[in-house]
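Below, each chain spelled out in residue letters.
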Amino acid sequence: MKLFYDKHAKDPTYYAQQGIRNGKKTTTRNVRNFGKHSELLKITDDPLAYVKEEIQKMNEEYRVGKVTFNLTADFNERVRHSNDEASSSTWVNIGYFFLQYIMKDLKLKQFFRQKTDDRKITFDCYTISRFLTYARILDPASKHATWNRLSTYFEQPDFDYQHILRFMDLLEENYEDYLAWLYKNSNSIIKRDTSVLYYDCTNFYCECEQPDEDVVDEVTGETIHGLRKFGVSKEHRPNPIVEMGLFMDRQGIPITMCLHSGNTSEQLTAIPLEREVLKMLDYSKFIYCADAGLGSYNIRKFNSMGGRAFIVTQSIKKLSGTLKKAVFNDFEYRLLSDDTCVKIHDMKEFDRYNKENLGLYNDFAYKVIPADKAVDLGLYEGKALNNGRIKKVKATGLLKQRIIITFSRKMMEYQRTVRNRQIERAKKLLDLKDPEEIKKGPNDVKRFMKRITHTKSGEKAAVEYKLDEEKIVEEEKYDGYYAVATNLLDPAKDILAVSHKRYQIEDCFRIMKTNFSGRPINHRLPNRIKAHFMICYTALLVYRLLEAKLDGQETHITTENLITTLKNMNVTNIHDVEYMALYNGSKTLEALTRTTSLELDRLHYRPKDLNRKIKKFLT
């Protein structure tokens, strides 16, 4: 604050004037009126010295964050006029400061500088990367909508929509280097635990009706397959899809990803991406963990070399008759909690409502079965044909492994409850008595229906549908059972604990699809589609790193609470003197403040303080 008065006036009025820098805008405002010279003579002999002393006191208070000033309000004053077609809000978000707190250590500014030093680029790649990442977490929308909403951020970035598209092209050009850079620098934020790597695939539907065509390169003769293709889907939607594979570490933080055409078998994606991961990890040892669909013979064999190991889900239904007998043979089962012997028959029959049996109800029974012959596990391997296609053939090689079978009473009851509901739905369908053709899926209620034809010589066949009781009885045999295959000799309890954490990679996909709105993709060109998912992946990585930073807090913070808190952290400009918070406190905000020391839990902010906070993370 400084003193301001008209030095040429006979009876000047003394003001305390504050200089304000709000982004690129600099202004001054009178924050206190001390009165006229003649009025101050009534309380002091030297009004000028008195006013200077008061301003000095105000400056001391300002340094510690306490400011007192008077504001006048004219209720007849109108809002500021603009030539915009629609009125816009004046609030801006500062919640993204916490995201930038994480992004600063990824050193993406240095990465993009290296990639653009020899190119004439008129836009800042790092700024575009930052705000596309923020928007994917806080306000997921199309790239054009994101560009239109840049005014809702405190920094007010200035770049055009065409710059976003050009940035996406550059991002896709450096696909592999970018993903490797993210992993390398994320280690400075959280020490990555790569002793176990989880892998899974998911599909993203595209807003188009026709798949992309394959293109033959005129120079090399190589066939470039289109990205959006029709493929096997759980929801049976008539849309082309893009397949994404994701590797995740033991803490639930992504390591890298891959993108493939929608008609690519997921089993063919694991090993190529794993080879890239090995380069990133300097060929260190780890345990590969995946579900049954990504545990083929080739994948298991690959992860039996170089000191690596595997833990994959094993389908009990696909086991050979000999191994199935070993599973249902009620011998050698032990409780997972204390390793005492137990009978599956007793696990199924005890009174679950007796409080003494609560521990047993929550416990698991387990058995370990040696199974070195891959053919006994119903495994297949891919065989390349002369025409370039891949054919699935039954695996005939030997593989050192064992199967851990578990049984849970709680899981058995859950599965039977679900099945009973499906059977009731199947009965309602049968009451219609008009299905011409019933297609049965592995989890569809129609699998409990069977088609029966009655024909007589020379007569038209009569078609009848009935409930398939044999199918129901067959499925009930497997209720409560679960199996994993591994080449490790560790205790079963430790191996099952590793396998149990596979849910985290499903959680990554859920966040990307639901919270970050990974689809609709809103792009047609393959390189733009890849760049879109690279941005989604970056947002997921930044979010997971921030979540990992908060893991040490006493309060458990859910995905919805964390994103909602960041999204609602808006402030509004009060006469260019201060920013006032438009949000309240919460346990999530307290945890963020303790973790980052950003002190964004205040009601009032000086413009220069907010500028200083964000600039600290941009250097």
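Residues numbered from 1 in each chain as written. Predicted model: local features only at pLDDT ≥ 70, side-chain atom pairs only at ≥ 80, totals over all residues. Heavy atoms only, no water.

This part covers the packing of aromatic side chains. A complete count under the given rule lists 23 aromatic pairs for this structure. For the pair W147 and Y161, a centre-to-centre distance of 6.4 Å together with 50° between the ring planes defines the contact as tilted. Separated by 14 residues along the polypeptide, W147 in helix 6 (residues 143-148) and Y161 in helix 7 (residues 161-173) bring together distant segments of the chain. Note on W147: relative accessible area 28%, which makes it partly exposed. Of the aromatic side chains, those joined through ring pairs into one cluster are Y96, F97, F131, Y134, Y153, F154 and Y579. Over the ring of Y353 we find R352; its NZ or CZ atom is 4.8 Å from the centre of that ring. When the ring centre of F328 is taken as reference, the NZ or CZ atom of K477 above it lies at 5.3 Å. (Phe/Tyr/Trp six-rings, centres within 6.5 Å; stacked < 30°, edge-to-face > 60°. Helix = DSSP H or I, 4+ residues; strand = E, 2+ residues; numbered from the N terminus. Buried < 20%, exposed > 50% of the residue type's maximum accessible area, 1.4 Å probe, protein only. Lys NZ or Arg CZ within 6 Å of the ring centre and 35° of its normal.)

Relative to each other, helix 5 (residues 125-138) and helix 18 (residues 526-549) sit at 70°, their axes nearing to 9 Å. With respect to helix 18, the axis of helix 5 lies roughly perpendicular. Residues L132, T133, R136 and I137 of helix 5 touch helix 18, and the partners they reach there are H532, I535, C536, T538, A539, V542 and Y543. Here the contact of helix 5 with helix 18 is composed, by residue class, of 7 nonpolar, 3 polar and 1 charged. (Axes fitted to C-alpha atoms, helices over the stretch in contact; angles between N-to-C directions. Parallel < 35°, antiparallel > 145°, perpendicular 65-115°, else oblique. Contact = heavy atoms within 4.5 Å. Nonpolar A, V, L, I, M, F, W, Y, C, P; charged D, E, K, R; others polar.)

Before going further, it helps to spend a moment on the sheet that holds strand 21 (residues 578-581). Across the sheet, 4 strands lie side by side as 4-20-21-22; this open sheet has antiparallel pairing. The strands lining the two open edges of the sheet, one partner per strand, are strand 4 (91-93) and strand 22 (604-605). Note that strand 21 and strand 22 share 2 bridges and pair antiparallel. Following the sheet pairing, M580 is matched in strand 22 by H604. (Pairing = 2+ DSSP bridges.)

Below, the discussion takes up the nonpolar core. Counting 135 residues, the largest nonpolar core has I94, Y96, F112, M257, Y288 and L600 as the members making the most contacts within it. In this view, F112 contacts C125, Y126, S129, F167, L170, L171 and Y178; residues no more than four positions away in its chain are not counted. One finds I316, V327, I403 and F407 within the second-largest nonpolar core, a separate group that totals 19 residues. (Core = buried A, V, L, I, M, F, W, Y, C linked by side-chain atoms within 4.5 Å.)

In strand 10 (residues 287-290), alternate side chains face the same way, and those of I287 and C289 on one face and Y288 and A290 on the other are all buried. Direction of pairing for strand 5 (residues 196-205) relative to strand 10: parallel, over a ladder of 3 bridges. Looking across to strand 10, one finds that L197 is bridged to Y288. Of the crossover connections in this fold, the one passing from strand 10 over helix 10 (residues 297-302) to the parallel strand 11 (residues 309-313) is right-handed. (Right-handed = clockwise from strand over helix to strand, strands pointing away.)

Turning our eyes to something else, we now look at the environment of N174. Take N174: it is sitting in the loop between helix 7 and helix 8 (175-186). In the structure, N174 is positioned 102 residues away from T72 in sequence and 55 Å away in space, judged by C-alpha atoms. Excluding residues that lie within four positions of it along the chain, N174 makes contacts with F111 and K115. Side-chain polar atoms of N174 contact the backbone oxygen of L170, separated by 2.9 Å. (Polar contact = N/O pair within 3.5 Å; in protein donor to acceptor, adjacent residues only side chain to side chain.)

Bringing the sheet that holds strand 10 into the picture now. Read from one edge of the open sheet, 9 strands run 9-8-5-10-11-19-16-13-12, paired in mixed fashion. Where the open sheet ends on each side, the last strands, each with one partner, are strand 9 (254-261) and strand 12 (334-335). Bridge count for strand 10 against strand 11 is 4 bridges, and the pairing is parallel. Along strand 11, the bridge assignment pairs A290 with V312. Lying on the sheet, helix 18 is in contact with strand 5, strand 8 (241-248) and strand 9; it crosses strand 9 at an angle near 160°.

Looking now at the packing of helix 17 (residues 503-515) against helix 18. Helices that pack against each other are described as a pair by the angle of their axes relative to one another and the distance between those axes. Two elements in contact, helix 17 and helix 18, have axes whose closest approach is 10 Å; the angle formed by their N-to-C orientations is 120°. Between helix 17 and helix 18, the angle is such that the two are oblique. Crossing of helix 17 over helix 18 shows right-handed handedness. Residue-level inspection shows Q504, D507, C508, I511 and M512 of helix 17 in contact with helix 18, the latter providing C536, Y537, L540, Y543 and R544. Its residues assigned to classes, the contact of helix 17 with helix 18 shows 7 nonpolar, 1 polar and 2 charged. (Left-handed = near helix turned anticlockwise from the far one by under 90°.)

This part takes up the pattern of salt bridges. Inspection of every chain in the model, using the stated rule, returns 31 salt bridges. R32 is the partner of E54 in a salt bridge, and the nearest nitrogen-oxygen pair spans 3.7 Å. In this pair, E54 is assigned in helix 2 (residues 47-63) and R32 in strand 3 (residues 25-36), connecting sequence segments 22 residues apart. Residues R149 and D139 are paired through a salt bridge, measuring 3.0 Å at the closest nitrogen-oxygen approach. In this pair, R149 is assigned in the loop between helix 6 and helix 7 and D139 in the loop between helix 5 and helix 6, connecting sequence segments 10 residues apart. The class for R149 is partly exposed, based on a relative accessible area of 34%. One network of salt bridges, with partners in common, ties together R416, R419, R447, E475 and D479. (Salt bridge = Lys/Arg side-chain N within 4 Å of Asp/Glu carboxyl O.)

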